[in-house]
Amino acid sequence: MARYAKDHKQATRQRIIEAAGRRFKKDGIDGSGVSTLMSDAGLTNGAFYAHFASKEDLVANAVADQLGAQNASLEALAPGRAGLEQFVRAYLSAEHRDAPENGCPTAALLDEIGRCTDATKQAFTDGLLTVIDDIAARLAPDNPPSARAQALGVFAMMVGTLQLARALADPKLADDVLDQGVHNALALLDAGPVRQRRVRRPA
């Protein structure tokens, strides 16, 4: 009986985290109250503090969970460069643009995460680097760390492109931005890592 209770509580906690992740991406962190988050999970407000110390605690867990799910999706794609192209085209698609609640937590929440607690920022940093390291490993299988900066640059460009496309009132212009973003991202992936230039010290 005790085992069932423990498993049940963990499953309930995970249901809240997943529902919160979707709601945050749709309405924003500040725009999502505890009552709405618990309603999405099919629970009452009173159950919230049995699982989380605060809303920020839930935010940090939801961000980590969302990035974990994103990395799992990336890992499930074709190996190597082919999988990266799949990732780029799906990321910079009209479907992703129009359904933020089902997509990337970085593009949906970046500005708000920047104003969150250190715990949420750390959860975001750890989760994002897992995604970035998967991209880097596909770019440079023999030396993934050498491609980390390149992977970060490409991903940052993709995030900004998606955010811009979502903000535009003109659907045709938004489509054009996404198409150009795909072209730019694939070109950056094929360009290879940027060599660090040595800075000469003044004599």
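Use the structure listed above.
What comes next is a walk through the structure.

Reading the values: rules and limits
Residues numbered from 1 in each chain as written. Predicted model: local features only at pLDDT ≥ 70, side-chain atom pairs only at ≥ 80, totals over all residues. Heavy atoms only, no water. Helix = DSSP H or I, 4+ residues; strand = E, 2+ residues; numbered from the N terminus. Buried < 20%, exposed > 50% of the residue type's maximum accessible area, 1.4 Å probe, protein only. Contact = heavy atoms within 4.5 Å. Lys, Arg positive; Asp, Glu negative; His and termini not counted. Charge placed at Lys NZ, Arg CZ, Asp CG, Glu CD. Axes fitted to C-alpha atoms, helices over the stretch in contact; angles between N-to-C directions. Parallel < 35°, antiparallel > 145°, perpendicular 65-115°, else oblique. Left-handed = near helix turned anticlockwise from the far one by under 90°. Nonpolar A, V, L, I, M, F, W, Y, C, P; charged D, E, K, R; others polar. Expected span 1.5 Å × (residues − 1). Arc of directions from axis to C-beta. Polar contact = N/O pair within 3.5 Å; in protein donor to acceptor, adjacent residues only side chain to side chain. Salt bridge = Lys/Arg side-chain N within 4 Å of Asp/Glu carboxyl O.

1. A few points about the overall build of the chain
Argument step 1. Each helix and strand counted, the chain has nine helices and zero strands in total.
Argument step 2. Counted from the first residue to the last, the chain has its helices and strands arranged as α-α-α-α-α-α-α-α-α.
Argument step 3. Principal-axis analysis of the C-alpha atoms places the extent of the chain at approximately 65 × 40 × 40 Å.
Argument step 4. Within the span of the chain, comprising 203 residues, buried residues form 38% of the whole.
Argument step 5. Expressed as a percentage of contacts within the chain between residues at least 6 apart in sequence, the contacts between residues at least 24 apart total 69%.
Argument step 6. Once the 24 positive and 25 negative side-chain charges of the chain are each reduced to a mean point, those two points are 6 Å apart.

2. What to know about the packing of helix H3 (residues 55–75) against helix H6 (residues 105–113)
Argument step 1. Closest axis-to-axis distance for the H3/H6 pair is 11 Å, and the angle between their directions is 155 degrees. As summarised for this structure, H3 and H6 are arranged roughly antiparallel, according to the angle between their axes. When the axes of H3 and H6 are compared, the crossing they make is left-handed. Contacts between H3 and H6 involve Val63, Gln66, Leu67 and Gln70 from the former and Pro105, Thr106 and Ile113 from the latter.
Argument step 2. When grouped by side-chain class, the residues that make up the contact of H3 with H6 number four nonpolar, three polar and no charged.

3. Points about helix H9 (residues 171–191)
Argument step 1. In this model, H9 (21 residues) spans 30 Å end to end at C-alpha, consistent with the 30 Å of a helix rising 1.5 Å per residue.
Argument step 2. Those residues of H9 lying buried are Ala174, Val177, Leu178, Gly181, Val182, Ala185, Leu186 and Leu189. Angular distribution of buried residues about the axis of H9 spans 165 degrees; they occupy a single face of the element. Opposite its buried face, H9 presents the exposed residues Lys172, Asp179, His183, Asp190 and Ala191, each directed more than 90 degrees away.
Argument step 3. The inward-facing, buried residues of H9 contact helix H4 (80–91), helix H5 (94–98), helix H7 (118–139) and helix H8 (148–167).
Argument step 4. By the N-cap criterion, in which a side-chain oxygen at the helix start approaches the backbone nitrogen of a residue two or three places on, H9 is capped by Asp170, the distance to Lys172 being 3.0 Å.

4. Overview of the packing of H6 against H7
Argument step 1. Where H6 meets H7, the closest approach of the two axes is 11 Å, and the angle between their N-to-C directions is 145 degrees. Helix-helix and strand crossings are classified by hand; for H6 and H7 the assignment is left-handed. In this structure, H6 contributes Thr106, Leu110 and Ile113 to the contact, and H7 contributes Thr120, Lys121, Phe124 and Leu128.
Argument step 2. Class assignment of the residues belonging to the contact of H6 with H7 gives a composition of four nonpolar, two polar and one charged.

5. Remarks on the pattern of salt bridges
Argument step 1. Inspection of the entire model under this criterion finds ten salt bridges.
Argument step 2. Two residues, Asp40 and Arg23, come together in a salt bridge whose shortest N-O distance is 2.7 Å. Here Asp40 is found in helix H2 (residues 34–40), whereas its partner Arg23 is found in helix H1 (residues 2–27), with 17 residues between them in sequence.
Argument step 3. Of the charged contacts in the structure, one is a salt bridge between Glu85 and Arg89, with a shortest N-O distance of 3.0 Å. Placement of the pair is Glu85 and Arg89 together in helix H4, with a separation of four residues, close to one helical turn.
Argument step 4. With a relative accessible area of 46%, Arg89 lands in the partly exposed category.
Argument step 5. The structure contains a network of salt bridges with shared partners spanning Arg81, Glu85, Arg89 and Asp190.

Honestly, it's all geometry; don't read function into it.
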